[in-house]
Structures are given as C-alpha cells and as structure tokens.
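Spelled out, the chains give:
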Amino acid sequence: ETKRLLLECLPFSLLCYIIFATHVFASPNSNNFPKLSAFLESVLRDPVDSVPASLSDDFETFFYNQTLDHFNYKPESYATFKQRYVINSKYWGGADASAPILAYLGAEAPLDGDLTGIGFLTDNAPQFKALLVYIEHRFYGESIPFGTLQEALKNQSLRGYFNSAQAIADYAEVLLYLKEKFSAQTSPIIVIGGSYGGMLASWFRLKYPHIALGALASSAPILYFDDITPQNGYYTIVTKDFKEASKSCYAAILESWSEIDRVASKADGLSILSQKFKTCSKLNTSSELKDYLDFLYTSVAQYNHPPTYPVTVVCGGIDGAPKGSDLLSQIFSGLVAYRGNRSCYVTNEFNRPTQSNLGYAWQRCSEMVMPIGRGSNDTMFPPAPFNLNSYNDDCSRAYGVTPRPHWITTYYGGHDIKTVLKRFGSNIIFSNGLRDPYSSAGVLEDISDSILAVYAVNGSHCLDILTAKQTDPEWLVMQRRKEVEIIQGWIETYNADRHFLKQ
C-alpha cells in the first residue's frame, strides 16, 4: 500500500523523461571529471551481481527493510526497500566481551567488489576480535528501491531520496538494528570508508557520535567543495606525479594536446588519429581522444599502487618508444604500455553506463558539486576551468533540476575546519596518500589529539584500506599499523570509561 501511495505521489512528466532519456549516460563535464571510487574497476565495469565465488563462506548476506525517507512523515515516506548488508562473525569476541564492530560504509558502487578488495577489516578482525559489517549504499547494487537504477533515476521524486544524508541515516538504522539483534549494546562501532565512502564515514561520526565511536576516512576529499580547495588541486598533483616520474614524459604529454588538435584540423585528421591510436571506432572529434588520454593519466596517478606503479609504466612506454617516433607515437606507446597491445582501444570505456557512473552522475547534479578544473599553463593538461553556470545548465538538461553547490558545506561543514572540529569533533582518522590527486582536498594536518591526519608520501587512493600484500612497501605497512594503533587506543579508552562509570 505504501509503495502504491509512493508511486501515485511521485508523478513523472513526459518532458523530463524525454530529456533524461537523452542525457542519462551523460553528466556535466563527465568526460573530464575524475572518478571517485576506491577501485578503478568499478568505474569501468559493474562488479558481479552475486557474491564472488572466491569469497569466504564466513560472509553471510542479509537484507534489511530500510525506510525510504528518514526525514519526513508523509505516507510515502514510510515505504521500505531491501538494503543489502553482509556480516562476517568469524573472529568476533562476542557481545559479552564488548568486542568491537568494524562497519564498512558502502559508496557509489555495488558492494560486491568491496567484500574482497577492502582488506582492512578482514586483515585486522583477528586482532580486534571484531564483528565485520558491510552495508551497501542505497540505489547501488542490490539496494535499489523499486526496480533498477535506470528506472529509479527516471523518477523525479524517487531519485530525490538518493543522497548522502539518507544514506548515512540508513547506516545508522542498520547498525542500531544489528546491535539489538546481537545484544551488542556495549560493543563500540568503528566506521570505515574510502573516497566518497570515506567522506560518509567522517560525516557519520560527526552526525551520529552516539552510534560510531570513531571513523577511518581513507582518501576522503571533504574539502573539495565551495572554494575551500583550489580548482586545479587535483590536476596539479597528477602533473606532479608524472613530472617526478619522468620530466621527458611530462614534457611529451604537455605538448601532445596541441599536436592532437593540429592533426585533427587536417582534412583527414580524425582518420589519421583513429589509425594512430587504433581506436575501435572512428573518432568524431579530437576531444574524444583527449578525454580518453585525460582519463588514462588521471587514473594511473590516482591508483598509482605498488608494486607496479602505473605512472611509471605509462612514462616507461612514452620514454621507451622506438627511436625516431613522432610525438603522438610516443603517447600511443605509453597507452600500450599500460593497457597492453590490443587490436583496438575503446575510447569511451571510462564513460560506460555502470552503476557507479550513472548513480554518481545524479549525485553530482544534486549535492556532490566538487569544482574540479584547471586553468591555462598550471598543469600538463589543456585548460578546462570549472564553470558553475555551464554545470547547472548540463544538470538541468539531464535531470530537470539544478545542483545545490553549497549544501554539503551547509550540512556537514568544511570551511575553517580546524577551528570548528578542534573543540567539537573527535575520533576521526583522515588517511591519505600524497600521490593521490584527491589528497589535495584531504585533511593533511592533525586537527586535535583525536582527529588525526595519517598520510604516506608515496601513497595513492584508498591504498591503506586495501588488502595487505607481502609485497607492500614498509611505509604502507607502517601507515596501516599507525591507524590500527589509533583505533585500538579509542577502544581501550572507551572500555576504561565504561569501567569507571560503572563504579
């Protein structure tokens, strides 16, 4: 009945449907917007819809009847949908021992890839004797209200419930339910997230301190809103990464954009470029190629993980091109070095209609307005300044609404963060790798004795919460160890406080 009421109360105009159907796979400056994800793979393709075959039997999947709208009391607000969560209790010390709960907050992708890729929880569960909980973000994976993501995004009113405040309220409801289910009222909860999920983890601790004892926010660019961080912060670090890897590689990339335009201006220029870069379909504009290379360079910088270090791989290809190669042949050699020698290259693979791309396009057009851009001669990329008016126009064409660019800082804060959180917040780890372009908008200095910045100079995006490997460099091992020690300290202080108050 509530679902029927919801659908009756959520009319969808034919005009907006036509507009949306035309633009559903596009988003404002989508070709140039750096992706927010703990994994590059979730941008390129959706994780499998079922739990991976390699996943341990210790992981159990459940569904919670989640409230659609936590902040209203209209009849349709009481509608519910199935929200997926996964539990691993193998190492849990139990409620009687007040053993902790490590809760991973899902982000802009199906939960499946996180279960095997986010190793911080499973790697440290034995030491903490922790119950592990993974909760999927609403409107992703198997947690989509009333149908598919595409159907939900076509419904003007339904997609209005697709936002961060509703998402962290979901997490609060699930975690309180699990505490009651396991009689674990005294078990402290540590929330963990990466990238957008890292932002959610930090915001969750600030909004729900009575539920989460602390938060580990990995690679969370919480300062990339309004004018807190310079627009070119992201691309400045990408440029720095390449320049440090190889100055000749950096110089070749810097010069290549104008060369692409020069060749494209010829009568058969796009055919020449299509052949030179072995594109699977003929280029319609030079921008298609430039956007593809933009994605390549930003991705390898953002996910410049050891031991392969993709930036070094790309630069090795560019610098190692056969002697006498022209500039664009050198650039192509860098592409081949990273992507492998293929029969052809799909230049729009970064903009496929994956759940991550489709869902986050809406989130960017509603509240997650991150003004990422670059000017003239300040990076190795051609100028592409962020223009809010154009951004608003694109969102209006795609969804019939304009973004609220200041809502994130209004609701969660961000301005003057040191002064605000020094006396207000506590127990948050902001972890970063300084080679990650998004670290330009991360918290890189301690704010108080319990809101701490833990970073690695050579680290990359969300690297600290990925599964530990024997090949991990010592600096990464030490970064993770420091994070564990901080969390252990929070738990010990919590237990000491409980013991004192019982007396």
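Being a predicted model, the structure only gives us computed values, none of them experimental.

What counts as what
Residues numbered from 1 in each chain as written. Predicted model: local features only at pLDDT ≥ 70, side-chain atom pairs only at ≥ 80, totals over all residues. Heavy atoms only, no water. Buried < 20%, exposed > 50% of the residue type's maximum accessible area, 1.4 Å probe, protein only. Helix = DSSP H or I, 4+ residues; strand = E, 2+ residues; numbered from the N terminus. Arc of directions from axis to C-beta. Contact = heavy atoms within 4.5 Å. 1 Å grid on protein atoms, 1.4 Å probe; cavity = no way out; pocket = protein on both sides within 12 Å on 5 of 7 lines; lining within 4 Å. Points joined across faces, edges and corners; volume = space filled by probe spheres on them. pLDDT = per-residue confidence, 0-100.

(A) Local environment of helix 13 (residues 310-319). Among the residues of helix 13, those classed as buried are P310, V311, V314, C315, G317 and I318. The arc enclosing the buried residues of helix 13, seen along the axis, measures out at 155°, which places them on a common side. Residues of helix 13 that are buried in the fold lie against helix 9 (233-245), helix 10 (247-264), helix 12 (286-302) and helix 14 (327-339).

(B) The layout of surface pockets, seen in detail. Of the pockets and cavities examined, the largest pocket occupies roughly 520 Å³. Lining the largest pocket are 24 residues, and of these G160, N163, W362, S366 and R404 lie nearest its centre. The set of elements that each furnish at least two residues to the lining of the largest pocket consists of helix 7 (164-181), helix 15 (355-366) and helix 17 (407-411). Here the lining of the largest pocket gets 3 residues from one element, more than from any other, and that element is helix 15.

(C) Structural detail: the confidence of the model for the protein. For the protein, the mean per-residue pLDDT works out to 92, and 91% of the residues sit at or above 70. Low pLDDT, under 50, characterises residues 1-31; the stretch is placed with 52 contacts to residues that sit more than four places away or in other chains.

(D) Quick peek at the environment of F81. Checked against the element boundaries, F81 lands in strand 2 (residues 80-88). Owing to a relative accessible area of 5%, F81 belongs among the buried residues under this scheme. Sequence separation of F81 and G147 is 66 residues, and the distance between their C-alpha atoms is 9.9 Å.

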